[in-house]
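Structural overview for review
Chain residues, written in single-letter form:
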Amino acid sequence: IVNNHLLFRNFYMKDIHGQQAVLNGEYQFWENRYRLDARFEKFMVLNTGFADNESFYGQVYLSGLADLDNHNGVDNVTVNARTENDSRLYLPLSAGMTAVSDINLNANLEVNDKLNVQVIFDPTVGDILKTTGNGDIKITFDKDGNLNMFGEYQIAKGDYLFTLSNLVNK
């Protein structure tokens, strides 16, 4: 602690598997401000289920860099990373995005075949697109709940069970 600042210098944080992230930065007590830089390798950044978040959930491991701060009263997160082994992301299309207050996300992701993606059209009849692939995706999410995705994702392998109102399964 120096001059009302809590300093992080090579501060190690572990996920549930013992993988480490290294933090550097500071927290200013009286201003309630922070600025952190994180470096991580095969680190679990998402570990949620449908009950936690109906919009997206899964277990995602990333390697890369992140910058976090709360300037102007808004939490800002910038991530540059690639997906790692055993990553799974579930995207139910029937769920609407809910607004997340006071957060701005700007992520540049190198997606590879280590990430298994399931796009869930209708879970009651098994209408699910399962894919692995490669690409570069830019994701932005702002404090008003606006989600934008840009880039290219090429499916290398996939499976899709087509259903039509419980009448046809192909």
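Just above, that's the structure.
The model shown is predicted, which means the values in this text are computed figures rather than measured ones.

1. Comments concerning the overall build of the protein chain
Broken down by element type, the protein chain carries zero helices and twelve strands. Each helix and strand of the protein chain, placed in order from N terminus to C terminus, yields the pattern β-β-β-β-β-β-β-β-β-β-β-β. Projected onto its principal axes, the C-alpha positions of the protein chain cover 70 × 30 × 30 Å. When the 170 residues of the protein chain are sorted by exposure, 33% land in the buried category. For the protein chain, contacts bridging at least 24 residues in sequence account for 52% of all contacts bridging at least 6. Carbon and sulfur atoms form 52% of the exposed surface of the protein chain, whose accessible area is close to 10700 Å². Seen as two clouds, the 14 positive and the 22 negative side-chain charges of the protein chain have centres 6 Å apart.

2. Focus on the environment of Ile-16
Note on placement: Ile-16 falls in the loop between strand 1 (5-14) and strand 2 (20-28). A relative accessible area of 63% means that Ile-16 is categorised as exposed. Placed 28 residues apart in sequence, Ile-16 and Met-44 show a C-alpha to C-alpha distance of 7.8 Å. In this view, Ile-16 contacts Met-44 and Asn-47; residues no more than four positions away in its chain are not counted.

3. Section: the nonpolar core
Counting 21 residues, the largest nonpolar core has Phe-40, Leu-62, Val-79, Ala-81 and Leu-109 as its most contacted members. Mapped onto this core, the elements with two or more residues apiece are strand 2, strand 3 (33-48), strand 4 (57-69), strand 5 (75-83), strand 7 (103-111), strand 8 (115-122) and strand 9 (127-141). Non-local contacts of Ala-81, meaning those with residues more than four positions away in its chain, are made with Phe-40, Leu-62, Ser-63, Gly-64, Asn-108, Leu-109 and Glu-110.

4. Considering a nonpolar patch on the surface
Side chains of Ile-1, Leu-6, Phe-29 and Trp-30 sit close together on the surface and give an oily, nonpolar patch of about 480 Å² of accessible area. On the secondary structure map, Ile-1 appears in the segment before strand 1.

5. Focus on the side chain of Asn-70
Here Asn-70 shows up in the loop between strand 4 and strand 5. Since its relative accessible area comes to 11%, Asn-70 is described here as buried. At a separation of 2.9 Å, a polar atom in the side chain of Asn-70 contacts the main-chain carbonyl oxygen of Asn-32. Here Tyr-34 takes part through its backbone nitrogen, which lies 2.8 Å from a polar atom of the side chain of Asn-70. What Asn-70 contacts, discounting residues up to four positions off in sequence, is Asn-32, Arg-33, Tyr-34 and Asp-75.

6. Description of the pairing of strand 7
Alignment of strand 5 against strand 7, held across eight bridges, turns out to be parallel. Following the sheet pairing, Thr-78 is matched in strand 7 by Asn-106. Two elements, strand 7 and strand 9, share seven bridges in a ladder whose sense is antiparallel. Bridged to Leu-109 within strand 9 is Ile-137.

Rules of the game
Residues numbered from 1 in each chain as written. Predicted model: local features only at pLDDT ≥ 70, side-chain atom pairs only at ≥ 80, totals over all residues. Heavy atoms only, no water. Helix = DSSP H or I, 4+ residues; strand = E, 2+ residues; numbered from the N terminus. Buried < 20%, exposed > 50% of the residue type's maximum accessible area, 1.4 Å probe, protein only. Contact = heavy atoms within 4.5 Å. Areas by Shrake-Rupley, 256 points an atom, 1.4 Å probe, with all protein chains shown as cover. Lys, Arg positive; Asp, Glu negative; His and termini not counted. Charge placed at Lys NZ, Arg CZ, Asp CG, Glu CD. Core = buried A, V, L, I, M, F, W, Y, C linked by side-chain atoms within 4.5 Å. Patch = residues over 30% accessible without salt bridge, like charges linked within 9 Å, V, L, I, M, F, W, Y side chains within 5 Å. Salt bridge = Lys/Arg side-chain N within 4 Å of Asp/Glu carboxyl O. Polar contact = N/O pair within 3.5 Å; in protein donor to acceptor, adjacent residues only side chain to side chain. Pairing = 2+ DSSP bridges.

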